[in-house]
Amino acid sequence: MSTLRALAKAQAIAAGVAQPVATVRHLHLSDRPLVLVPLQLAGEANAPLAALVGAAPDEARLLVVPQPRNRDQRLTFAAELAGIVLPYLDEFRGVSEAVPVDRGKDVRYRYVDAPQLLVPNPAGITFLRLLGRSTRFRRPDGEYPVHPSVPLLGRWLTFFAERAEHPGSAALVALTEALTLHWATGQSAVEDLHLPALLGWIDPPPGSTGAEAAAQAEDPAICPPAGPATDPDFDNRRLAPAMAAYAGAEDDPAARAGAYAELERLLRDQLAPTWELMWRGVGLLRGLPPGARVAGRWAGDRDAFTGYAEHVDAGGGPQPRRDGAVAAAVRLHRLERALTSYAVQRAYDDPLVMAEYRLTGEAFVGDVTLADPKRVDDTGKRPVLRPRIQVVTTEPVLVPVGATLYSPARPGQKAKVVFVTPGADGKTEVVLELSGGMGRGLTASPGSVPEVGERLCLTTLSDAFLPAGNFPAPEETPWTHGGPPAGTPDAAPSGDGDPAEDWS
């Protein structure tokens, strides 16, 4: 936990209400997100019990699995869910836009918008990931055929689950994570995973403190858990008898219909409070203005959605059960690059996030007291524009002479530290030489050089493009990491002498 978040949590306890830890919204919110609140049978791995799904508060559709251990009923649930999710995805595939590439020499196309799925908490993401894994390899023909939409749903759920691992992605969002990204409560991180308690801290009822509202929300009789797990008392006292009544009425259609209606009512009552909380949380997030770089990250989600849609349309296969060595390394490297870029972008967008780096000495704020925007360096082969400015700050300056700093106000500009002069009055003078972001001539573009009196934030964090690493082809990797292909002289040795054994 960072210092400022710990302080915000202490202030939340003292004030009785959650404290903001962001001034802007750091994720995209769709105008029409698809909210999905799942429930699964306790003690079973990804046995769907029910789900409440819809793209508007008044469009909730309840899906029920009366016997979650029944394979046919589980696949019927998947087909019904596909009947909601797949048409929703198709809504975003009508209009494309041209995106210039190769410095404007060529163009590519992507959809102007993309779908967004919202679940209550990270366990909801895990539910969708496991559901996708269990359905994407099913076949519409053969010994155990399924509806053709089931494997397609599995592939799309896997796509969204993988995007959820991508830092900064908003394709699949757990609402508890989105809320705790912007508010700090007076409870633990584990308690923050409970959506009713979390919203009790962020938006308590009039006359109640966050702690009181959270304590009340933790009563399952008042607000059931936000899925996918159910309350054990509900399972034993109400759900089990209702499921038994449904199973026992197999030979009586009227009794079976009545038992199904009772089961449906129980599960709707269990899911409806969380459904309302989901849209309440979305409303709180909409009240924050989006950060300047949120649109750029959403463009990455639209690129990913477009690319996978084209893959599906071209008849591409489902995602593999597990990545090979090179694919796993490439994926890890891509996620690490995205995480670094996401952290920098959040700091550039939000002064409260940047304050964390000011505490660690990776950034400081000061006032420009001197500026020479016309300075030219003619010591090289040709003269180049190199203005200098002096910044005075009362914060510690831990960067050495020669370090390169950046300003969120001018991310394309570099500022090289020339001198650092501590003063006796607690102030520090920092002389910086600027390069980049000022035009191509020997005269700086208007506004590109900070003026005297401007308050400036300078940091070692860079929002520059991070080049991708170089990885070998699978056939060029050693046998210990999945290559070369079986049957070649250098193939991996097998335990029984069979060179065709799969070592991947």
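Residues numbered from 1 in each chain as written. Predicted model: local features only at pLDDT ≥ 70, side-chain atom pairs only at ≥ 80, totals over all residues. Heavy atoms only, no water.

**Student:** Which residues make up the layout of surface pockets, and what values go with them?
**Tutor:** Rolling a probe over the atoms, with the probe sized like a water molecule, indicates the empty space that remains. Volume-wise, the largest pocket comes out at about 650 Å³. Looking at the lining of the largest pocket, the element that brings in the most residues is helix 4 (residues 149–164), giving five residues. Residue composition of the lining of the largest pocket, by class: eight nonpolar, five polar and 11 charged. In this structure, the second largest pocket occupies an estimated 480 Å³ of space. As for the second largest pocket, its lining consists of 20 residues, of which His166, Arg297, Ala338, Ser341 and Gln345 are closest to the centre. Of all the secondary-structure elements, those providing two or more residues to the lining of the second largest pocket are helix 10 (294–313) and helix 11 (325–349). Across the lining of the second largest pocket, the residue classes tally to six nonpolar, seven polar and seven charged. (1 Å grid on protein atoms, 1.4 Å probe; cavity = no way out; pocket = protein on both sides within 12 Å on 5 of 7 lines; lining within 4 Å. Points joined across faces, edges and corners; volume = space filled by probe spheres on them. Helix = DSSP H or I, 4+ residues; strand = E, 2+ residues; numbered from the N terminus. Nonpolar A, V, L, I, M, F, W, Y, C, P; charged D, E, K, R; others polar.)

**Student:** Give me the lowdown on the sheet that holds strand 8 (residues 172–174), citing residues and values where you can.
**Tutor:** Strands sit in the order 4-3-2-7-8 across an open sheet of five strands; the sheet is mixed. Edge positions in the sheet fall to strand 4 (61–64) and strand 8, since each of these pairs with one other strand and no more. The sheet shows a mean angle of 20 degrees between the axes of neighbouring strands, taken without regard to direction. Relative to strand 8, strand 7 (residues 117–119) is paired through three bridges, and the arrangement is parallel. In the sheet register, Val119 faces strand 8, and the bridge partner there is Ala174. (Pairing = 2+ DSSP bridges. Axes fitted to C-alpha atoms, helices over the stretch in contact; angles between N-to-C directions.)

**Student:** Please set out the confidence of the model for the protein residue by residue, giving values where relevant.
**Tutor:** Model confidence for the protein is summarised by a mean pLDDT of 89, while 95% of its residues fall at 70 or above. Every residue in residues 490–504 is under pLDDT 50, and counting partners more than four places away or in other chains gives 21 contacts. (pLDDT = per-residue confidence, 0-100. Contact = heavy atoms within 4.5 Å.)

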